[in-house]
Amino acid sequence: VDARALAALRDLQGAGRPDLLAEVIAVYLRDTPARLAALHEAVARTDAEALRRAAHSLKGSSSQIGAVQVARLCADLEGQAGSTDLRGIAETLRRLDEAFDRVRTHLQALAGGGNES
Amino acid sequence: VNVLIAEDDAMTRLMLQRAVEHHGHACLVAQDGLEAWQLFQAHTVDVIISDWLMPLVDGIELCRCVRKQMDRASSYTYFIFLTVLEDKEHMRAAMREGADDYLTKPLDPTDLWTRLRVAARVMSLYRQVAAQKAELERSNAELAQFASVVSHDLQSPLSSIRGFSQLLQEYYAEHLDARATKCITGITDGAKRMQALIEGVLAYAQVGAQTPPPEPIDCAVVVERALANLHATIEERGALVTHGDLPTVVADATQLSQVFQNLIGNAIKYCRATPRVAISATREGAEWLFWVRDNGIGMDAADAERIFDIFQRAPSAAEYPGTGIGLAICKKTIERHGGRIWAESCLGQGTTFKFTLPAR
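Residues numbered from 1 in each chain as written. Chains lettered and ligands numbered in written order. Predicted model: local features only at pLDDT ≥ 70, side-chain atom pairs only at ≥ 80, totals over all residues. Heavy atoms only, no water.

1. A few points about the confidence of the model for chain B
Move 1: Residue-level pLDDT values for chain B average 88, and 97% of them are 70 or greater.
Move 2: Our summary of model confidence lists the complex with pTM equal to 0.62 and ipTM equal to 0.80. (pLDDT = per-residue confidence, 0-100.)

Okay, structure coming up:
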């Protein structure tokens, strides 16, 4: 997770919104699993357009929260959508799941710490 | 400012909302373009911040709808697109479709605040312009209304004056000596002059009010129509009016015919010799240049500009009857058609009136 993106959130938070960072992280962690599921489903249905859209929107929110690797893998998926390289797509998707797991652990710790301080 | 956010991602939406509210701006949020469009129609919205890809109605479509609506209503909405940094083509397309600015994801709140300051600046300029335009329209309408009401209201007492002086002359003809008859004639002539003035003011006020859209017209036909209206005067003075090839222009035929009629009529009226009037036109770049040249009494070059102002007449014209309105009508008409009008003259040397009209 890129600290700079979170710094922007902290700026906002510092300005009288003590819960903002935790709030944003909660929304991200709440929405992302459904997005990943949508990606898997799009791949299963070989629906290139749905894959591209889902990847694009996950890319946006992930880059916003500083989940750089998740965002990059989403960009890769966007590029791969519509190609015949199904194995490549499956591989990117697998790495995406792993990347998100790491981000989740990190953000949960961060949100917890934020709440305590 | 009132901000409307259209963003389908809950997290980005939340961030945007907090960042907007942070500076005390009112904020509406929509989860997709359709909801945003509905909110836009129900509320006063100064700034829209919209994502590119959204379900149902996407950002570009929302932008198009907002701009279309704006053409009808007299308000401005500052449209900011939200897009991922590397989608350069999206930014360009958005600006082409009428967006004012863009923000890139990941979003930096400082960027957003800067944009909102720019938006506030643009909105304030727009409001000033709109207020001035409304004021201008109101005062123009008031003036036209005033001229028309005054003219109509002046007509009826004037009719009384004319009518009663006529009756006076008829009923008391045998009791009136030459001096009294002269006085009554003076009253009647004055009333006639005033009638002409009122009609002129009325015509001046009506130039450009509720005119049909201009269409391509053949100027030769327009000039012939003016000559037909001037038929009696031309016969009476034995005037020779000629014209060369004349172009087709986009204009209001009735108004343009009135311009030619005024110019040719003047040329014949302000002339001691047998009037000779030549009309021609040449193409000058993107315009047609028209000439109406006469062999009349002419005027000082210094007066040539003034005579287009309403009620202004050249001193050399003082001995001829006239209201000082005809050329003002010409000027107003030509300028409303996107042209210019002026006169070139020397005292005793005749006058050339020139005017331009945009070529198609």
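Structure shown, so let's carry the discussion forward.
2. Considering the layout of surface pockets
Residue and element names in this part refer to chain B.
Move 1: Of the voids in this model, the largest pocket is the one considered here, and its volume is about 1200 Å³.
Move 2: Lining the largest pocket are 47 residues, and of these Asn262, Asn266, Lys269, Thr323 and Gly326 sit closest to its centre.
Move 3: Elements with a minimum of two residues in the lining of the largest pocket: α6 (178–206), α9 (253–269), α11 (326–336) and β12 (351–358).
Move 4: Counted by class, the lining of the largest pocket contains 18 nonpolar, 22 polar and seven charged residues. (1 Å grid on protein atoms, 1.4 Å probe; cavity = no way out; pocket = protein on both sides within 12 Å on 5 of 7 lines; lining within 4 Å. Points joined across faces, edges and corners; volume = space filled by probe spheres on them. Helix = DSSP H or I, 4+ residues; strand = E, 2+ residues; numbered from the N terminus. Nonpolar A, V, L, I, M, F, W, Y, C, P; charged D, E, K, R; others polar.)

3. Observations concerning empty space enclosed by the protein
Move 1: Per the counting criterion, the structure on display carries one cavity of 30 Å³ or more.
Move 2: Along the walls of the largest cavity sit His56 of chain A together with Asp51, Trp52, Leu53, Leu82, Thr83, Val84, Asp87, His90 and Lys105 of chain B, which together make up its complete lining.
Move 3: Here the element with the most residues in the lining of the largest cavity is strand β4 (residues 78–84) of chain B; it accounts for three residues.
Move 4: Here the residues of the lining of the largest cavity are counted per class, giving four nonpolar, three polar and three charged.

4. A closer look at the packing of helix α2 (residues 20–44) of chain A against helix α3 (residues 48–65) of chain A
All names here are of chain A.
Move 1: Interhelical geometry of α2 versus α3 gives an angle of 155° and a closest axis separation of 9 Å. Comparing the axis directions of α2 and α3 gives the class roughly antiparallel. For the pair α2 and α3, the sense of crossing is left-handed. On α3, the residues that touch Val24, Ile25, Tyr28, Thr32, Arg35, Leu36, Leu39, Ala42 and Val43 of α2 are Ala50, Leu51, Ala54, Ala55, Ser57, Leu58, Ser61, Ser62 and Ile65.
Move 2: Residue classes in the contact of α2 with α3 are distributed as 13 nonpolar, four polar and one charged. (Axes fitted to C-alpha atoms, helices over the stretch in contact; angles between N-to-C directions. Parallel < 35°, antiparallel > 145°, perpendicular 65-115°, else oblique. Left-handed = near helix turned anticlockwise from the far one by under 90°. Contact = heavy atoms within 4.5 Å.)

5. So, unusual backbone geometry
Move 1: Each neighbour pair has its own omega, and for lysine 105 of chain B with proline 106 of chain B the value is 0°, a cis peptide bond.
Move 2: Within the element layout of this structure, proline 106 of chain B appears in the loop between β5 (101–105) and α5 (109–171).
Move 3: The phi dihedral of threonine 46 of chain A is positive, around 45°, even though this residue is not glycine.
Move 4: Structurally, threonine 46 of chain A can be placed in the loop between α2 and α3.
Move 5: Unlike most non-glycine residues, phenylalanine 311 of chain B shows phi in positive territory, near 70°.
Move 6: Along the chain, the position of phenylalanine 311 of chain B falls in the loop between α10 (303–306) and α11.
Move 7: For phenylalanine 311 of chain B, a relative accessible area of 47% gives the class partly exposed. (Buried < 20%, exposed > 50% of the residue type's maximum accessible area, 1.4 Å probe, protein only.)

6. Details of the sheet that holds strand β1 (residues 2–6) of chain B
Residues and elements named next belong to chain B.
Move 1: Reading across from one edge, β2-β1-β3-β4-β5 is the order of the five strands in this open sheet, with parallel pairing throughout. What marks the edges here is a single partner per strand, and that holds for β2 (26–30) and β5. Neighbour to neighbour, the strand axes of the sheet diverge by 20° on average, direction disregarded.
Move 2: Relative to β4, strand β3 (residues 47–51) runs parallel, the two sharing five bridges. (Pairing = 2+ DSSP bridges.)

7. Overview of the sheet that holds strand β10 (residues 287–294) of chain B
All names here are of chain B.
Move 1: The sheet built from five strands is open, its strands ordered β7-β9-β10-β12-β11 with mixed pairing. Each edge of the open sheet carries a strand with a single partner, namely β7 (240–243) and β11 (341–345). Looking at each pair of strands side by side, their axes are set apart by 20° on average, direction ignored.
Move 2: Sheet strands touched by α9: β7, β9 (276–284), β10 and β12. Its angle to β12, the strand with the most contacts, is close to 170°.
Move 3: Across the sheet, α11 is in contact with β11 and β12; its angle to β12 comes to roughly 25°.

8. Section: a nonpolar patch on the surface
Move 1: There is a patch of nonpolar side chains on the surface, built from Phe146, Val150, Leu154 and Met194 of chain B and spanning about 340 Å² of accessible area.
Move 2: For leucine 154 of chain B, a relative accessible area of 33% corresponds to the partly exposed category. (Patch = residues over 30% accessible without salt bridge, like charges linked within 9 Å, V, L, I, M, F, W, Y side chains within 5 Å. Areas by Shrake-Rupley, 256 points an atom, 1.4 Å probe, with all protein chains shown as cover. Salt bridge = Lys/Arg side-chain N within 4 Å of Asp/Glu carboxyl O.)

9. Quick look at the interface of chain B and chain A
In many reports, interface size means the accessible area that the parts give up when they come together.
Move 1: Residue-level contacts link 22 residues of chain B with 21 residues of chain A.
Move 2: The contact between chain B and chain A buries some 1900 Å² in all, and 66% of this surface belongs to carbon and sulfur atoms.
Move 3: It is Met11, Met15 and Arg18 of chain B in chain B that bury the most area against chain A; as a group they hold 32% of the surface buried on that side.
Move 4: Where chain B meets chain A, there are two salt bridges.
Move 5: A salt bridge links arginine 18 of chain B to glutamate 23 of chain A, with the shortest nitrogen-to-oxygen separation between them at 2.6 Å.
Move 6: Summed over the shared surface of chain B and chain A, the result is three residue pairs in polar contact (both at pLDDT 80 or more).
Move 7: At the level of elements, α1 (10–22) and α5 of chain B are the ones that each hand at least two residues to the side of chain B that touches chain A.
Move 8: A total of nine residues in the side of chain B that touches chain A trace back to one element, the largest contributor, which is α1 of chain B.
Move 9: Looking at side-chain class alone, the side of chain B that touches chain A contains 13 nonpolar, two polar and seven charged residues. (Buried area = accessible area lost by both parts, 1.4 Å probe. Polar contact = N/O pair within 3.5 Å; in protein donor to acceptor, adjacent residues only side chain to side chain.)

10. Section: the pairing of β12 of chain B
Residues and elements named next belong to chain B.
Move 1: Among the eight residues that make up β12, seven are buried, leaving the element largely enclosed by the rest of the structure.
Move 2: Where β10 and β12 come together, seven bridges link them in antiparallel fashion. Paired with glutamate 287 across the strands is proline 358, a residue of β12.
Move 3: Direction of pairing for β11 relative to β12: antiparallel, over a ladder of five bridges. Directly across from glutamate 344, in β12, lies its bridge partner threonine 352.
Move 4: Linking β11 to β12, which pair antiparallel, is a turn of five residues; within it glycine 348 sits at a positive phi near 80°.

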